[in-house]
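Per-entry structural report
What follows is the residue order along each chain.
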Amino acid sequence: MKLVMAIVQDKDSNRLANEFIDANIRATKLSSTGGFLKAGNSTFIIGVEEERVQETLELIKQTCQSRKQYLSSSMSLDVTLDGQVPYPVEVEVGGATVFVLPIEGFHQY
Ligand code: 2BA
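To keep things clear, this report deals only with the structure shown in the data block. (Residues numbered from 1 in each chain as written. Predicted model: local features only at pLDDT ≥ 70, side-chain atom pairs only at ≥ 80, totals over all residues. Heavy atoms only, no water.)

**Some remarks on the site of the ligand**
Inclusion rule: For each residue, the test is whether any non-hydrogen atom lies within 4 Å of the molecule or strand; if one does, the residue is near. Residues adjacent in sequence count toward polar contacts only when both atoms are side-chain atoms; beyond that, a polar contact is any pair of N or O atoms within 3.5 Å, and within protein one must be able to donate a hydrogen and the other to accept it. Computed by Shrake-Rupley with a 1.4 Å probe, the accessible areas treat only the displayed protein chains as cover when residues are assessed. The helix count covers DSSP runs of H or I at least four residues long, the strand count covers runs of E at least two residues long, and both are numbered beginning at the N terminus. Amino acid classes used here: Ala, Val, Leu, Ile, Met, Phe, Trp, Tyr, Cys and Pro are nonpolar; Asp, Glu, Lys and Arg are charged; the rest, including Gly, are polar.
Contacts to the ligand come from Ile-7, Gly-34, Gly-35, Phe-36, Leu-37, Asn-41, Val-91, Glu-92, Val-93, Gly-94, Thr-97 and Phe-99. The separation between an oxygen atom of the ligand and a polar side-chain atom of Asn-41 is 3.0 Å. At a separation of 3.4 Å, an oxygen atom of the ligand approaches a polar side-chain atom of Thr-97. In the complex, the protein chains occlude 51% of the 760 Å² of accessible area that the ligand would expose alone. Listing elements by their share of the shell around the ligand, those giving two or more residues are β5 (89-93) and β6 (96-102). A total of three residues in the shell around the ligand trace back to one element, the largest contributor, which is β5. Per-class residue counts for the shell around the ligand are six nonpolar, five polar and one charged.

**Looking at the packing of aromatic side chains**
What counts, and what does not: Whether two aromatic rings pair depends on their centres lying within 6.5 Å, for rings of Phe, Tyr and Trp, where Trp uses its six-membered ring; planes under 30 degrees apart make the pair stacked, over 60 edge-to-face, and the rest tilted. Remark: exposure states derive from per-residue accessible area (1.4 Å probe, protein chains only) relative to the maximum for the residue type, with buried under 20%, exposed over 50%, and partly exposed in between.
Using the criterion set out here, one finds one aromatic pair in the structure. Seen in terms of ring centroids, Phe-20 and Phe-44 are 5.6 Å apart; in terms of plane orientation they differ by 70 degrees. Their pairing is edge-to-face. Highlighted residues: Phe-20 in helix α1 (residues 10-22) and Phe-44 in strand β3 (residues 40-48), separated in sequence by 24 residues. The same class applies to Phe-20 and to Phe-44, which are both buried.

**Re the pattern of salt bridges**
Note the following rule: Here a salt bridge means any side-chain nitrogen of Lys or Arg lying within 4 Å of a carboxyl oxygen belonging to Asp or Glu.
Inspection of every chain in the model, using the stated rule, returns four salt bridges. When the shortest N-O distance is used, the salt bridge between Asp-12 and Arg-15 registers 3.9 Å. Taken as a pair, Asp-12 and Arg-15 lie in helix α1 at a separation of three residues, close to a single helical turn. Judged by relative accessible area, Asp-12 falls into the buried class, the value being 1%. The class of Arg-15 is partly exposed, set by a relative accessible area of 42%. Residue Glu-92 is joined to Lys-68 by a salt bridge in which the shortest nitrogen-to-oxygen separation is 3.4 Å. You can see Glu-92 sitting in strand β5 and its partner Lys-68 sitting in strand β4 (residues 67-71), a full 24 residues away along the chain.

Structure representation (C-alpha cells):
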C-alpha cells in the first residue's frame, strides 16, 4: 500500500473528490494553505494499493489544471515603501503537486 498526497487548487478539488468516489478510491480532503501565495488550496491523502497508484496519478493529472495567479500587494515580496506592488507578478500554479510515500502500517478500528 502507498500513501499518495496531492496538493491541488481549490477550483479542482470537488471534481477530483467526485472522480475518486466514482473510481472507488478512498481519499480524505484537507483544507490547506500554500506557503508562497498564502492562499487556500486542498490536500488529498489517499491510501491506495500499489497496483492502483498509477490509476490514481492519472485521475489527478486529468482532473487538475494549472492556472496563472497574480500576487496581491499583501502577498508580494517585492513592494515599494508605501506597500504597493510596483507591477503585477504572475505565478503559474501547477495542476497538482503529488508525493507518493510508503506505508508502514494501515489499521482501521
Ligand atoms: P504555494 O506555496 O502558494 O505556491 C504557489 C506557486 O507559487 C507555485 O506553484 C510556484 O509556481 C510559485 N512558487 C512557490 N514558491 C516559490 C518561490 N520560492 N519562488 C517563486 N515562485 C514560487 P506550484 O509549484 O504548482 O505549487 C502549488 C502548491 O503546491 C504550493 O502553493 C504549495 O502549497 C504546494 N507545494 C509545491 N511544492 C511543494 C513542496 N516541495 N512541498 C510541499 N508543498 C509544495
